[in-house]
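# Working through the structure, step by step
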Amino acid sequence: MAKEHPILETQDLTIRFGGHVAVDGVSASFERGSLTAIVGPNGAGKTTYFNLISGQLSATSGAVLLNGEAITRMSVPERTDRGIGRAFQLTNLFPTLSVRENVRLVAQAKARKGFDLFSVAESHVELLERADHVLAEVRLIDKAEQTVAALPHGDQRKLEVALLIALGSQVLMFDEPTAGMSVDEVPVILDLIRKLKSDMDRTILLVEHKMDVIRSLADRIIVLHNGALVADGEPADVIALPVVQEAYLGKVPEPSETAEAPEVA
Amino acid sequence: MLTRLLSGDTPRSGLLTALLLIVLISLAFAPFLFPGIRSLETAARICIFIVLVASYDLLLGYAGIVSFAHTMFFGIGAYGTALALSTTGPGYGALIWGTAAGAVVAAVFALAIGLFSLRVKAIFFAMVMLAVASAFAVFVSQMSWLTGGEDGLNYKIPRELTPAFKLIDEKILGVRVNGKLLAYYLVFFVSAILFLVMLRIVNSPFGRTLKAVRDNAFRAEAIGYRVVWYRTTATILSAVMAALAGSLLAIWLRYTGPATTLSMEIMIDILLMVVIGGMGTLYGAVLGATLFILAQTYLQTLMGVAADATSAVPLFSTLVAPERWLLWLGVLFILSVYFFPSGIVGRLRAGRA
């Protein structure tokens, strides 16, 4: 038997937009049950790297492997079926539907019932139960009947995480899950992510700016800079690197190195 | 039982329930409640348009797809039945296979259009559909050896569905029980069944997914739904329902021509009926179609009465002169869209909460 593949791997992954190389030959592999933080200044290509893995963008060259199988040319729903779950940086939900319906739709997709034309949706009790179970987990069950557009921002972020939990993918990708949340809401989200990691043996990729969040969650940090992977390792080692110090701890970067101002964590 | 029949999608508003019941009872007993040829024609037209408008709502209100080619599918159904009846004579076999062929052709067209053009942006899709529909209308009017061109087709339908056929000699409640009455009830019951089927579809897991695709296609993909297939299937279902409505019209009128099925005016009427009734609520199709067709049919008469009654008042009587009925119909639409932006059903349901 061949040696076991890492659950997710990117090989020399590259995308060009015209002359601009947004992600530049990134090779990294992710082990089952690990939580990797992906950091870097704004415009470093973190979200683009995510989009290449989950399929919203198609790579110019290189490969994405899931359990050793190339998924580089697959569509977004195919990748979702195979076990890649993605939450988005900007809240990206079904705004006119209820909170419960948002989660129910995910459970329905997972149960592959979307093309069932002649049963009443509400009669699939197991999907409703699944939705309520997840909503209880993210503490949104009291708001299950509300329309998503009417939810406060923090609750929308929670729902974003709820959709990912309901999807139950092998690989979970969070893009700044705590962005724009109030201080007292952040721990709720972090607990959920921590729980996902410990309970369910999932592989988690996390784009995050807040260093304290990264320190408390990550097993490993990858640093992207101008689309290229510049550092990869244990959190303590990576945080000590000069490039990270520049981007996160306020040291002035050399003008030639970054076009945009680095984000202050 | 009733909830089951409505697929759990009850009107959820007292007033709406009352209005829908009035429409249902009026249509169910139309031949007895409103005797006369004209009112029966109106009632049948309402039944057929409820199906047609609901099928358009399936596309526009549920799947969020803007198409201006709905009359094409309506026409395909009508011409399917018409051609079968005019070429092979007035038999039930011809009626059934013509209708089935119309539905199949509509489905194939919808599949092709869906796969080719649903990937493009909504506005381009709408334009492509407009072009296809216009080309189809021209095509039908040019193929006069087959379709009768602008004159359309006149044909016979099975005798049991014509006024010449008498089921019983006595009148019931003063109404002749003849083939026309049977034809009306054929239209009524088939329309009712098709409406209930669509109500089931929009409340099925598939219908719910359509709403998700309408709300956020990008996210629907990211949770595993293949959006193009959902949109294509919705287009096909909507096209088949429109074609069946067209077949009903062909049977009812015993005539099929471009003006009754393919014209752009009908497309605009459908659009207005959906918007007035309320998008994304099939019940909106019922109220929209009923009100619109009643206004279209009786506003002129009503205004004639008003003009006569007010002939002493100079300006007012000119304003309500019967030939100005289109102006007033337009005013009614503007007012209804202004005051009920979410349609009558949307307004009634919101009012309850």
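What follows concerns the overall build of chain B. Within chain B, the regular secondary structure consists of 18 helices and 4 strands. Relative to the 2.2 N^0.38 estimate, which gives 20 Å for 353 residues, the radius of gyration of chain B is 21 Å and therefore close to what a compact globule would have. With respect to the three principal axes, the spread of C-alpha positions in chain B is 65 × 55 × 45 Å. Sequence-distant contacts, at least 24 apart, represent 74% of the contacts inside chain B between residues at least 6 apart. Accessible area of chain B: about 15600 Å², with a carbon and sulfur share of 72%. Looking at charge distribution, chain B has the averaged site of its 24 positive side-chain charges lying 11 Å from that of its 14 negative ones.

Membership of the largest hydrophobic core comes to 165 residues, with the highest contact counts inside it found for A:Val103, A:Leu159, A:Phe174, B:Leu27, B:Phe73 and B:Tyr184. In terms of residues, this core owes the most to one element, helix 4 (residues 37-62) of chain B, which gives 17 residues. A:Tyr49, A:Leu52, A:Leu66 and A:Ile71 belong to the second-largest nonpolar core, a separate cluster that totals 27 residues.

For the rest of this paragraph, the subject is the pairing of strand 7 (residues 171-175) of chain A. On a regular strand, each side chain points to the face opposite its neighbour's, so the side chains alternate between the two faces of the sheet. Residues and elements named next belong to chain A. Across the 5 residues that make up strand 7, a large majority, 5, are buried. Here strand 7 shows no split at all, with Val171, Met173 and Asp175 on one side and Leu172 and Phe174 on the other all buried. Note that strand 6 (residues 84-86) and strand 7 share 3 bridges and pair parallel. Bridge pairing links Arg86 to Met173 in strand 7.

Attention now moves to the side chain of B:Asp9. Residues and elements named next belong to chain B. Take Asp9: it is sitting in the loop between helix 1 (2-5) and helix 2 (14-28). A polar atom in the side chain of Asp9 sits 3.1 Å from the side chain of Asn203. Apart from residues lying up to four places away in sequence, Asp9 is in contact with Leu199, Asn203, Tyr283 and Arg349.

This next bit is on the confidence of the model for chain A. Averaged over every residue, the pLDDT of chain A is 87; the share at 70 or more is 91%. Across residues 252-265 of chain A the pLDDT falls below 50, and counting only partners more than four positions away or on other chains, this stretch makes 21 contacts in the model.

Right, let's talk about the interface of chain B and chain A for a bit. On the chain A side, the residues contacting the 28 residues of chain B number 34 residues. Here chain B meets chain A over a buried area of about 2700 Å², counting both sides, of which 61% is carbon and sulfur. Interface area lost by chain B to chain A is led by B:Pro205, B:Arg208 and B:Arg219, which between them contribute 26%. Along the contact surface separating chain B from chain A lie 4 salt bridges.

The next point concerns the environment of A:Val243. Residue and element names in this part refer to chain A. Note on placement: Val243 falls in helix 9 (residues 242-248). Under the relative-accessibility criterion, Val243 is labelled buried at 17%. Sequence separation between Val243 and Ile141 is 102 residues, and the spatial gap between their C-alpha atoms is 43 Å. Apart from the residues within four sequence positions on either side, Val243 is in contact with His225 and Val230.

Right, let's talk about the sheet that holds strand 9 (residues 220-225) of chain A for a bit. All names here are of chain A. The mixed open sheet is built from 6 strands, whose spatial order is 6-7-8-3-9-10. The open sheet has two edge strands with one neighbour each: strand 6 and strand 10 (228-233). Across the sheet, the mean angle separating the axes of adjacent strands is 20 degrees when strand polarity is ignored. In this structure, strand 7 lies alongside strand 8 (residues 203-207), joined through 5 bridges in parallel fashion. Across the sheet, residue Val171 finds its bridge partner in strand 8, namely Thr203. Packed on one face of the sheet, helix 5 (residues 153-167) meets strand 6 and strand 7 and runs near 170 degrees to strand 7.

Glancing now at the sheet that holds strand 4 (residues 61-66) of chain A. Residue and element names in this part refer to chain A. Read across the sheet, 4 strands follow the order 2-1-4-5 without closing on themselves; strand pairing throughout is antiparallel. The strands lining the two open edges of the sheet, one partner per strand, are strand 2 (20-30) and strand 5 (69-70). Both strand 4 and strand 5 contribute to a ladder of 2 bridges, which runs antiparallel. Across the sheet, the residue bridging to Leu66 is Glu69, located in strand 5. Sheet contacts for helix 1 (residues 46-54): strand 1 (8-17), strand 2 and strand 4; angle to strand 1, the most-contacted strand, approximately 115 degrees.

With that settled, consider the pairing of strand 4 of chain A. By the bridge criterion, 5 bridges tie strand 1 of chain A to strand 4 of chain A in an arrangement that is antiparallel. By the bridge assignment for strand 4 of chain A, A:Thr10 is matched with A:Val64.

What follows covers the packing of helix 5 (residues 70-88) of chain B against helix 6 (residues 92-117) of chain B. All names here are of chain B. Packing of helix 5 against helix 6 leaves a shortest axis separation of 8 Å and a crossing angle of 145 degrees. Like other packed secondary-structure pairs, helix 5 and helix 6 cross with a definite hand, here right-handed. Side by side, helix 5 and helix 6 meet where Met72, Phe73, Ile76, Gly77, Gly80, Thr81, Ala84, Leu85 and Thr88 of the first sit next to Ala94, Leu95, Trp97, Gly98, Thr99, Gly102, Val105, Ala106, Phe109, Ala110 and Ile113 of the second. Grouping the constituent residues of the contact of helix 5 with helix 6 by class yields 13 nonpolar, 7 polar and no charged.

Moving on, we come to the pattern of salt bridges. Scanning the model with the defined rule gives 20 salt bridges over all chains in all. The salt bridge involving A:Glu69 is made with A:Arg82; its shortest N-O contact spans 3.3 Å. Residue A:Glu69 is found in strand 5, and its partner A:Arg82 is found in helix 2 (residues 76-82); the two are separated by 13 residues along the sequence. A relative accessible area of 34% places A:Arg82 in the partly exposed class. A single network of salt bridges, built from pairs that share partners, joins A:Glu101, A:Arg104, A:Glu122 and B:Arg208.

Residue and element names in this part refer to chain B. Position of Ala135 among the secondary structure elements: in helix 7 (residues 122-142). Given the relative accessible area of 48%, Ala135 is considered partly exposed. Residues Ala135 and Met72, 63 residues apart in the sequence, show an inter-C-alpha distance of 9.8 Å.

Conventions and cut-offs
- Residues numbered from 1 in each chain as written.
- Chains lettered and ligands numbered in written order.
- Predicted model: local features only at pLDDT ≥ 70, side-chain atom pairs only at ≥ 80, totals over all residues.
- Heavy atoms only, no water.
- Helix = DSSP H or I, 4+ residues; strand = E, 2+ residues; numbered from the N terminus.
- Rg over C-alpha atoms; globule rule 2.2 N^0.38 Å.
- Contact = heavy atoms within 4.5 Å.
- Areas by Shrake-Rupley, 256 points an atom, 1.4 Å probe, with all protein chains shown as cover.
- Lys, Arg positive; Asp, Glu negative; His and termini not counted.
- Charge placed at Lys NZ, Arg CZ, Asp CG, Glu CD.
- Core = buried A, V, L, I, M, F, W, Y, C linked by side-chain atoms within 4.5 Å.
- Buried < 20%, exposed > 50% of the residue type's maximum accessible area, 1.4 Å probe, protein only.
- Pairing = 2+ DSSP bridges.
- Polar contact = N/O pair within 3.5 Å; in protein donor to acceptor, adjacent residues only side chain to side chain.
- pLDDT = per-residue confidence, 0-100.
- Buried area = accessible area lost by both parts, 1.4 Å probe.
- Salt bridge = Lys/Arg side-chain N within 4 Å of Asp/Glu carboxyl O.
- Axes fitted to C-alpha atoms, helices over the stretch in contact; angles between N-to-C directions.
- Left-handed = near helix turned anticlockwise from the far one by under 90°.
- Nonpolar A, V, L, I, M, F, W, Y, C, P; charged D, E, K, R; others polar.

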